[in-house]
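# Examining the three-dimensional arrangement
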Amino acid sequence: MEFKVGDLVEGKVTGIKNYGAFVDIGNGKSGMVFISEIANTYVNDINDFLKMGDTVKAVIISIAEDGKIGLSIKRTLEPPKNNGNRSGGNFRRERKPAPKPDGSYVWMPHKEEATSLDDMINRFKASSDEKFSDLKRRNPEVRRTKRGNGAK
């Protein structure tokens, strides 16, 4: 049987290293599952997820010119559910529609983006100065300090 990228294979774990696991996929071939391709969560220790002799399903993600086969177990798994927390990945916050008084919804347009880095820096500086002056008004003991000398 000839293997190609995208094939779903099943095999036995034949070796575990700190960087990944080796899987015998049949026909005298074996593949490597790197630690980042084992699970949908952060994997600190592969032994928490795989044991020698385990049967696993994996997808072939690469075949090198020298015949080395790269496998992924996590691509056969369902993606993790995002229950409002940001752990486990970089999730973008979805835009929600704004409710109208009659109960219907209308999508809010995106804010106009700054046209240059200078515009963004100036906007940040103005916002920062405004927040600092507001803080000084609320608490007169707050003063700017010089960096490095620890003086107030």
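Summary of the structure given here. (Residues numbered from 1 in each chain as written. Predicted model: local features only at pLDDT ≥ 70, side-chain atom pairs only at ≥ 80, totals over all residues. Heavy atoms only, no water.)

### Notes on the sheet that holds strand β3 (residues 29–34)
Pairing in this closed barrel of five strands is mixed, and the strands run β1-β2-β3-β5-β4 around the ring. Between one strand axis and the next, the sheet turns through 50 degrees on average, direction left out of account. (Pairing = 2+ DSSP bridges. Helix = DSSP H or I, 4+ residues; strand = E, 2+ residues; numbered from the N terminus. Axes fitted to C-alpha atoms, helices over the stretch in contact; angles between N-to-C directions.)

### What to know about the pairing of strand β2 (residues 20–26)
Sheet topology note: the strand β1 (residues 8–17)/β2 ladder contains five bridges and is antiparallel. Within the sheet, the bridge partner assigned to Val-13 lies in β2 and is Val-23. Once β1 ends, the chain turns through two residues before running back antiparallel as β2. Linking β2 to β3, which pair antiparallel, is a turn of two residues; within it Asn-27 sits at a positive phi near 55 degrees.

### Focus on unusual backbone geometry
Both trends apply: most residues other than glycine have a negative phi, and most peptide bonds are in trans. A positive phi angle is found at Asn-27, which is not glycine, with a value near 55 degrees. Structurally, the position occupied by Asn-27 is in the loop between β2 and β3.

### Quick look at the side chain of Asp-7
By the secondary structure assignment, Asp-7 is in the segment before β1. Here the side chain of Asp-7 touches Lys-4 through a polar contact of 3.0 Å, landing on its backbone nitrogen. In this view, Asp-7 contacts Glu-2, Ala-58, Val-59 and Ile-60; residues no more than four positions away in its chain are not counted. (Polar contact = N/O pair within 3.5 Å; in protein donor to acceptor, adjacent residues only side chain to side chain. Contact = heavy atoms within 4.5 Å.)

### Points about the pattern of salt bridges
Using the criterion set out here, one finds four salt bridges in the structure. Measuring nitrogen to oxygen at the nearest pair gives 3.4 Å for the salt bridge that ties Asp-7 to Lys-4. Between Lys-125 and Asp-129 there is a salt bridge, and its shortest N-O distance comes to 3.1 Å. Of this pair, Lys-125 and Asp-129 both sit in helix α1 (residues 117–138), separated by four residues, roughly a single helical turn. With relative accessibility at 49%, the residue Lys-125 sits in the partly exposed group. Residue classification places Asp-129 among the partly exposed positions, given a relative accessible area of 31%. (Salt bridge = Lys/Arg side-chain N within 4 Å of Asp/Glu carboxyl O. Buried < 20%, exposed > 50% of the residue type's maximum accessible area, 1.4 Å probe, protein only.)

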